[in-house]
Amino acid sequence: MTDTASGPLVTVADLQVGYVRRRRTVPAVRGVTLSVARGETVALVGESGSGKSTIANTLIGLLPDNARVTGGSVTVHPGDLGDPGGVGRPDRAVEVVGARERTLRGLRGRVISLVPQDPMVGLNPTRRIGPQVAEGIRLRGVSGDRVGAEVLEFLAQAGIDDPELRARQYPHELSGGLRQRVLIAIALAGRPQLIIADEPTSALDVTVQRRILDHLEGLVRETGISLLIITHDLAVASDRSDRVIVLQNGEVVEQGNPRHILVSPRQDYTRRLIAAAPGLAHGGRIVPRFVVPAERVSTPDPVIRLENITKRYPLPGRQAGSFLAVDDVSLDVARGRTHALVGESGSGKTTTLRLALGLEKATSGRVLLDGVDITDLGWRETRPLRRKIQLVHQNPFASLDPRFTIGRSITEPLVAFGIGDRRTRRARAVALLDQVALPASYLDRLPAELSGGQRQRVAIARALALEPELVLLDEPVSALDVSVQEQILALLRDLQERLGLSYLFISHDLSVVAQISHTVTVLNRGRAVESGSVAEVFGSPESDYTRELIEAIPGQRSAALSAGAGVPLDV
Amino acid sequence: MTRYILGRFAQALGVLWAAYTVTFVVLYLLPSDPVALQLGAAGIETDKLSPAELHTAMARYGLDRPILEQYFSDLWGFLRGDLGESIAKQEPVTALLGERLGPTLTLTVTAGVLALLGGTALAYLASYVRWRPARLFLTRLPSFGASFPQFFIGLLLIQFLSFNLGLLPATGTYGWKSLVMPAITIAILAASQLAQVLMRSFDDTLSQPYVATARAKGLSRAAVQWHHGFRNALLPAMTILGILVGLTVTSAIVAETVFSRNGIGKLAQESVLAQDVPVVLAIVTIAAAIFVFVNLVVDLLYPLLDPRIVHGQRKAVA
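Because the structure is a prediction, the values reported are computed rather than measured.

Moving on, we get to the environment of Ala216 of chain B. By the element assignment, Ala216 of chain B lies in helix H9 (residues 209–216). Other than its neighbours up to four places away in sequence, Ala216 of chain B contacts Ile60, Leu62, Arg108, Gly109, Ile112 and Leu114 of chain A.

What follows is the structure, encoded as structure tokens:
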């Protein structure tokens, strides 16, 4: 299968796919032509709604019920599968469009397999890992003891330590990164010729993301499997692929070698994608937007100050022992500035945020809001202070009540604090929408009618309704496409300047942090390993952990390449 | 885990006590004179009694005591297994129940199993079938079944199976033949409700990303639904299992009346009509006990079906 000379593995010609909504077919893919050669890694890049996932689902025959292929063809050349009863004979071509379920089943797993988007929900929660991997192996006709042995082999191949233990565990006992590796093992189990990786790492921390992508790349090179990466992030795409295909509104706007596309993009759309990927914009280096002089890093009058905050959770099922979520962390958020809290999942970022918001009581340490010690205040006493401090959540798809109109969502804090009457609240809502650059006509819409970026704007407007001094931003852009991320960050910067807001910004992505923050604290396992101005911490990191986070930012290889730094593509 | 079970048992006892107390309060303290009501059940017309005779009659049934004393002595009796004496039938309630409990339990268990199998099979099939007309028919079936009054189903069954075809006896308490029609009558409603919940649950489950993962492996739809859909779809439906058992017990009253079966349901109906307070109180408490027991079993079954649930442990928040 390492023979790359025998023509393309998959050919897509003039593919057109639409979704039936209210008896009308809305086109999602409009005449896409592309091919994937054996052993080649191709990246499909585009924003949400560009049709990239629809193309992937068409290849593997898993389109939803309301999708219709209205034209074109998808041909797979599986070659010799080396077993009787399979779909394969040498030089045989299988047409996927309009194929019967039986034919498609023969292709799935065996010829084309899928690594799905979100590892947290991609595995059956009520079955152990072993049997879930074994299914794909059994479909190849393997049986008996051989199956168990192969399960361990594939788990090991996907980079999982201690596969015997993992095979006996349930998905919820594994971290996101491990689950993604299990999904890779499942994709490998059918010995496919093409793996489709649908946003394989966007739900993971940057460092985990890097390790997973490195691993996939290594596997592809060793085994000669072709890889189709679906992503919204041009930085990931150009780092990892032989060829980049840029999609917009269901059409291919540009394709070619990543270095050509990066150096001389022919389309405005591609240029926008490059500009939106923070890792690509500055030749792979993090260039902080704000530079704070060292003597101005500390401030005498912070909006909020955490002093030696510690939070312990008792461990379940045991009398002794506890889990130290936050360990002696101190930080200040200066007025009118942004302080970032950086770290991976489990580093204590979110717990720190909950402590600052007063949703959790610290085990020890103090929280001072505007110089007032709120550590020991009860719920009723902190309530008036809540007007000063507001929260924007990570996921705009979950943080808005789907049954509330936008207007109702935005005015809810006003109602809660009894501010104004119906008419003045509505006027305020219009003004707030205007601040986040949404038209007043959105007042009566429902969240379902809005895109992710628009929803996050609404969430920001809601947080601003009470004219807070401090806004806590919990990964506010990580659920959004890169191009939309940039717009939201620009909006946040603009609001800060106009309204004098202070932000506590939580993120695992350093390139995003550099776009908005003045100062930063890096958290690792509940401890603050480093803090200071962004320019200082990112420019000359003192701890290994910070260095690791910086190196994990995607786009560095290609960016270095396009900048002519001479770093070889294969690392 | 042991602590969890003990806690749940204590909770169950609390619920039982509450059910008993509420029933007691409803029966004794609501408008109308409880004494006249109960003596009336014994065939004594209070209006025609002299005060002395009334007093003797009240003493006979323990109705002359203060209400709280009645409550506590009845509660103490319950705890020892003495459910008092039926006023209308002049028999100990335990004896009455003992005689009627058997047929009712057979009926409800048969109906429950039928409903469980029927409802699950219907939902499973409805979400498996792809052919649109068949799918439409199967998915509409439960709302059809749930919207028929039970007595009407019972009467239809009697009309066809007994009167027209002469296959089964229309009435009776003993033998499996007498069990078929009442069991089906009860099961249709319970199965319909279960199927409605399960169908929605299957729809949700089969659109989960892990189902896409399973299909991408190349598994057949049958294998995907069996290995990845079924167990996960059952989880949300488990919660209504307790409610369904309650439904089955109450349906027994209708079914036993329609098919003239001598069971608790019929006894309940007779006792309510005759205003036989001790019997009603006992039946309500027993029904509550069954309800509480089933819910306890369901809660203990959860961790067996869903490995993510570990009772007695709180998850650490990271």
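Let us now look at helix H7 (residues 150–164) of chain B. All names here are of chain B. For H7, with 15 residues, the first-to-last C-alpha span of 20 Å sits near the 21 Å given by 1.5 Å per residue. A maximum bend of about 25° is found in H7 at Ile158. Regarding H7, the residues found buried are Gln150, Ile153, Gly154, Leu157, Ile158, Leu161 and Ser162. In this structure, the buried residues of H7 make contact with helix H6 (132–146), helix H8 (176–206) and helix H10 (221–258).

Right, let's talk about the layout of surface pockets for a bit. Its boundaries defined by the atoms lining it, the second largest pocket holds a volume of some 1700 Å³. Residue lining of the second largest pocket: 44 residues in total, with Leu62, Leu63, Pro64 and Asp65 of chain A together with Arg215 of chain B positioned closest to the centre. Sorting the residues of the lining of the second largest pocket by element identifies helix H1 (52–59), strand E4 (67–76) and helix H2 (101–107) of chain A together with H6, H8, H9 and H10 of chain B as the ones contributing at least two each. Residue classes in the lining of the second largest pocket are distributed as 19 nonpolar, 13 polar and twelve charged.

So, about the packing of helix H4 (residues 145–157) of chain A against helix H6 (residues 176–189) of chain A. All names here are of chain A. Remark: H4 packs on H6, axes separated minimally by 8 Å, with the N-to-C direction vectors making an angle of 125°. The angle between the axes of H4 and H6 places the two elements in the oblique class. Pair H4 / H6 crosses with right-handed handedness. Seen from H4, the contacting residues are Phe154, Leu155 and Gln157; seen from H6, they are Val182, Ala185, Leu188 and Ala189. Of the residues belonging to the contact of H4 with H6, the class tally is six nonpolar, one polar and no charged.

Turning our attention to H6 of chain B. Residue and element names in this part refer to chain B. The first and last C-alpha atoms of H6 sit 22 Å apart over 15 residues, in line with the 21 Å expected at 1.5 Å per residue. Of all bends in H6, the biggest is about 30°, found at Arg140, and the proline Pro142 comes one to four residues later. Residues of H6 that are buried: Leu138, Pro142 and Gly145. On its buried face, H6 is in contact with helix H5 (93–128), H7 and H8.

All names here are of chain B. Taking the numbering used here, the UniProt-annotated feature "transmembrane region" (unreviewed entry) corresponds to residues 12–30, 105–126, 147–167, 179–199, 234–259 and 279–305. The distance from the first to the last C-alpha atom of residues 105–126 is 31 Å, and the span holds 100% helix and 0% strand. What you have in residues 147–167 is 71% helix and 0% strand, and the ends, taken at the C-alpha atoms, are 27 Å apart.

Residues and elements named next belong to chain A. Spatially, E2-E1-E4-E5 is the arrangement adopted by the four strands of the open sheet, whose pairing is antiparallel. The two strands at the open ends of the sheet, each matched to only one other strand, are strand E2 (24–37) and strand E5 (94–95). Where H1 meets the sheet, its contacts fall on strand E1 (8–21), E2 and E4, and the angle it forms with E1 comes to roughly 115°.

Residue and element names in this part refer to chain A. At a minimum axis distance of 9 Å, the contact between helix H3 (residues 129–138) and H4 shows a crossing angle of 105°. Regarding the angle of H3 to H4, the classification is roughly perpendicular. Contacts from Ile129, Gly130, Val133, Ala134, Ile137 and Arg138 in H3 reach Val147, Glu150, Val151, Phe154 and Leu155 in H4. Counted by class, the contact of H3 with H4 contains eight nonpolar, one polar and two charged residues.

Turning to the pattern of salt bridges, a few remarks are in order. Residue and element names in this part refer to chain A. All chains considered together, the criterion is met by 36 salt bridges over all chains. As a salt-bridge pair, Glu548 and Arg211 come within 3.4 Å of each other at their nearest N and O atoms. One end of the pair, Glu548, is in helix H20 (residues 544–551); the other, Arg211, is in helix H7 (residues 206–223), and 337 residues separate them in sequence. Look at Glu548 and you get partly exposed, because its relative accessible area is 35%. The partner of Asp301 in a salt bridge is Arg335, and the shortest N-O contact between them spans 3.0 Å. One end of the pair, Asp301, is in the loop between helix H11 (278–281) and strand E11 (304–314); the other, Arg335, is in the loop between strand E12 (322–333) and strand E13 (338–342), and 34 residues separate them in sequence. Overall, the relative accessible area of 42% leaves Asp301 in the partly exposed class. Note on Arg335: relative accessible area 38%, which makes it partly exposed. What emerges from the salt-bridge pattern is a single network uniting Asp301, Arg335, Asp370, Lys388 and Glu469.

About the cut-offs
- Residues numbered from 1 in each chain as written.
- Chains lettered and ligands numbered in written order.
- Predicted model: local features only at pLDDT ≥ 70, side-chain atom pairs only at ≥ 80, totals over all residues.
- Heavy atoms only, no water.
- Helix = DSSP H or I, 4+ residues; strand = E, 2+ residues; numbered from the N terminus.
- Contact = heavy atoms within 4.5 Å.
- Expected span 1.5 Å × (residues − 1).
- Bend = angle between axes of the 7 residues up to and from the residue.
- Buried < 20%, exposed > 50% of the residue type's maximum accessible area, 1.4 Å probe, protein only.
- 1 Å grid on protein atoms, 1.4 Å probe; cavity = no way out; pocket = protein on both sides within 12 Å on 5 of 7 lines; lining within 4 Å.
- Points joined across faces, edges and corners; volume = space filled by probe spheres on them.
- Nonpolar A, V, L, I, M, F, W, Y, C, P; charged D, E, K, R; others polar.
- Axes fitted to C-alpha atoms, helices over the stretch in contact; angles between N-to-C directions.
- Parallel < 35°, antiparallel > 145°, perpendicular 65-115°, else oblique.
- Left-handed = near helix turned anticlockwise from the far one by under 90°.
- UniProt positions renumbered as here; feature names shortened; annotations may be inferred.
- Pairing = 2+ DSSP bridges.
- Salt bridge = Lys/Arg side-chain N within 4 Å of Asp/Glu carboxyl O.

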